[in-house]
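# What the coordinates show
Chain residues, written in single-letter form:
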Amino acid sequence: MTATSTSPEITIEFHESPVSDADRIKALETPGFGKIFTDHMVLARWTADKGWHDAKVTPRRPLELDPASAVLHYAQEIFEGMKAYKADDGRILLFRPEENARRFAQSAARMAMPAVPEELFLKAVEELVRVDKNWIPSGDASLYLRPFMFANEAFLGVRPAQEYIFCIIASPVGAYFKGGAKAVSLWVETTYTRAAAGGTGAAKCGGNYAASLVAQAEAAKKDCDQVVFLDAAEHRWVEELGGMNVFFVMNDGSVVTPPLGGTILPGITRASVIVLAKEKGLRVDERPYSFEEWQADAASGKLVEAFACGTAAVLAGIGLVRHAAGEFKVGDGQTGKLTTELRQQLVSLQKGVTNDERGWTRRVL
Ligand SMILES: Cc1ncc(COP(=O)(O)O)c(C=O)c1O
C-alpha cells in the first residue's frame, strides 16, 4: 500500500496489486448483484475526543474487530445504497447523492450515532468512484455504492458507543431481479411486521433488514420475489417491500403511495417518482392504502398497475400478489405502461441521456 496523493481531508492509498484488467473486464460481463467488489474502499474513524478523522480511500480488505465491538451486540449500524452511472459519452454521474447524505445523517440521529457531515459523505463517495472508475460498467449495469457506519467500541454496556467506523464499498451490479423487466410477484406478510410507530422504520439500519429476513424467506417459500409488509398496529395498511417502496396506479390516472409516517423508508426513488408523476399531470395521493382496498381495486379493475421502486431495481412492475387466503393479479399481470414510462424516464436521467433540468445528477468525472 502506498500513499500517493492527498485531497483536503481524504488520503488516497492506491492498491499495489489490483485485479488485473482481464479479470476485471470478465467480472463486469455478468456482475449479478452485490457479488463482486472493487479494489478500494473508504474508511474513516470517529472518536468522542477527535470527531471524524483518518478518512481515506484504501485497498479493500477485511476489517479486524474486537469481539466486544458494540455493533456485534447491539447492532448500532446504518447504511445507504446509491449508484454511479456511466453515460454513453463517458461521463460518470451520481443520482441525487445529497439525499443519501441527508438520509444517512437522519438514520445516524435515530440510532444515537454521530452524523457524517454531508461534505465528507459526498467527497468520500466521489473519491472512491474516481479511484475505482474502471469498475463502473456501461449499458444497463452500474456501480452500486454502499456507505455504512457502525459502532466499534469494545464495551458491553448498553449505551451509544464512543467509537465508530464509516466505510464505503462498491460493487458493479446488473439487474436486481433475475427476470429483468418482467413483473415481480409479492407475498403479503400478515404475521411478521417490519416496523412500528416510534421504531426505526424510517432509518436505514441493519436491524430493520435482520427483522425482515424471516418474512423474505417465507416469500421465497411461496415462490414470490419479494415480501410486502403491512402495518404493525392493525396488520391492515400496506407499508413497503423488504427493500422498496410501493405505488398503485388507478384507472382515473391517479397514483397512490403509502405516506411517510416514520415506519417506512423515505425512498429517494419514491420522492423522484412523485415529482415525475406530478409533472405528467397525474394526481399523487400519499395516503394509507389497505390490503382490503388493494384486493377490491384489483378485482374491480380500478387498479391498473402497481410497482415497487428503489435504487437497486429502479421500478419493477408488480404482476402477482399472493397471500394466506389466495392470490390475485394486478392488471394483466405484466409491467404496466406508466411503470415502463417512469422507469425509462428515471433511467434516462440517471444515465445522462436526457437533459437534467432538475439538478438531480452530480458529475464525478
Ligand atoms: C426498506 C426500503 N424501502 C425503500 C427503499 C428505496 O429507497 P431508495 O429509493 O432511496 O433506494 C429501500 C432501498 O434502499 C429500502 O431498503
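In case you missed it, the structure is sitting above this.
Cut-offs used in this document
- Residues numbered from 1 in each chain as written.
- Predicted model: local features only at pLDDT ≥ 70, side-chain atom pairs only at ≥ 80, totals over all residues.
- Helix = DSSP H or I, 4+ residues; strand = E, 2+ residues; numbered from the N terminus.
- Expected span 1.5 Å × (residues − 1).
- Buried ≥ 20, exposed ≤ 12 C-beta atoms within 10 Å, placed from the backbone.
- Axes fitted to C-alpha atoms, helices over the stretch in contact; angles between N-to-C directions.
- Parallel < 35°, antiparallel > 145°, perpendicular 65-115°, else oblique.
- Left-handed = near helix turned anticlockwise from the far one by under 90°.
- Contact = placed C-beta atoms within 7 Å.
- Nonpolar A, V, L, I, M, F, W, Y, C, P; charged D, E, K, R; others polar.
- Near = placed C-beta within 6 Å.

### Observations regarding helix α6 (residues 268-279)
- The first and last C-alpha atoms of α6 sit 17 Å apart over 12 residues, in line with the 16 Å expected at 1.5 Å per residue.
- Among all positions of α6, only I268, T269, R270, S272, V273 and A277 are buried.
- The positive-phi residue at the C-terminal boundary of α6 is G281, with phi of around 90 degrees.

### Details of the packing of α6 against helix α8 (residues 337-350)
- The interhelical angle for the contact between α6 and α8, taken along N-to-C directions, is 110 degrees, at an axis separation of 11 Å. Between α6 and α8, the angle is such that the two are roughly perpendicular. Note that α6 runs across α8; the crossing there is right-handed. Here S272, V273, L276 and A277 of α6 lie close against α8, whose contacting residues are L342, Q345 and L346.
- Split by residue class, the contact of α6 with α8 holds 5 nonpolar, 2 polar and no charged.

### A closer look at the environment of L93
- Within the fold, L93 resides in strand β7 (residues 92-95).
- Apart from the residues lying within four places of it in its own chain, the contact partners of L93 are Y85, A87, Q350, G352, T361, R362, R363 and V364.

### A look at the site of the ligand
- The ligand sits among G81, E240, G243, M244, N245, L265, G267, I268, T269, R270, G310 and T311.
- The class makeup of the residues in the shell around the ligand is 3 nonpolar, 7 polar and 2 charged.

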